[in-house]
Amino acid sequence: MPLLADIARSEGYRSMSLVSVNGSRGFWERQGFSVRMDEWLSAKLASYGEDAVYMERSLT
């Protein structure tokens, strides 16, 4: 993750995002990602499974 974050920063990105599935939320939290969910996203991600969450990591 540090290398990917450095590359994204060098390309001008201010954040990275992902959808955590299959119980991987804790792993992604340890990589610096935080949950950013709302009702709209919950409905949109329902097809990924009950534990799917949208997560972001700031690069600034």
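Everything that follows concerns the structure shown earlier in this document.
Residues numbered from 1 in each chain as written. Predicted model: local features only at pLDDT ≥ 70, side-chain atom pairs only at ≥ 80, totals over all residues. Heavy atoms only, no water.

**A short note on the overall build of the protein**
Counting its secondary structure elements, the protein contains 3 helices and 3 strands. Reading the secondary structure of the protein in the N-to-C direction produces α-β-α-β-α-β. Taken along the three principal axes of its C-alpha coordinates, the protein extends 35 × 20 × 15 Å. Within the protein, the fraction of its 60 residues that count as buried is 23%. For the protein, the proportion of contacts with a sequence separation of at least 24, taken over those separated by at least 6, is 62%. Here the protein contributes 7 positive and 8 negative side-chain charges, whose respective centroids are spaced 6 Å apart. (Helix = DSSP H or I, 4+ residues; strand = E, 2+ residues; numbered from the N terminus. Buried < 20%, exposed > 50% of the residue type's maximum accessible area, 1.4 Å probe, protein only. Contact = heavy atoms within 4.5 Å. Lys, Arg positive; Asp, Glu negative; His and termini not counted. Charge placed at Lys NZ, Arg CZ, Asp CG, Glu CD.)

**Some points on unusual backbone geometry**
Positive phi values are uncommon outside glycine, yet N22 reaches one of about 55°. Tracing the backbone shows N22 in the loop between β1 (15-20) and α2 (25-30).

**Focus on the pattern of salt bridges**
Between side chains of opposite charge, a pair can form as their charged atoms come close. Counting across every chain of the model gives 2 salt bridges. Between D6 and R9 there is a salt bridge, with the nearest N and O atoms lying 2.9 Å from each other. Note that D6 and R9 are positioned in helix α1 (residues 2-10) at a spacing of 3 residues, about one turn of the helix. Among the salt bridges present, the one from R25 reaches E29, with a minimum N-O distance of 3.0 Å. On the criterion of helical spacing, the pair formed by R25 and E29 is a turn pair, its members being 4 residues apart in helix α2. (Salt bridge = Lys/Arg side-chain N within 4 Å of Asp/Glu carboxyl O.)

**A short note on the sheet that holds β1**
Here we have 3 strands laid out as an open sheet, ordered β1-β3-β2, and antiparallel in their pairing. A single partner strand is all that each edge strand has here, and the edge strands are β1 and β2 (34-35). Sheet topology places β2 next to strand β3 (residues 53-58); 2 bridges connect them, and they run antiparallel. Opposite V35, over in β3, you have M55 as the bridge partner. (Pairing = 2+ DSSP bridges.)

**Things to note about the nonpolar core**
Counting residues in hydrophobic clusters, the biggest one holds 8 residues: A5, A8, M16, L18, F33, V53, M55 and L59. Every element with two or more residues in this core is listed here: α1, β1 and β3. Setting aside its immediate chain neighbours within four residues, A8 contacts Y13, M16 and L59. (Core = buried A, V, L, I, M, F, W, Y, C linked by side-chain atoms within 4.5 Å.)

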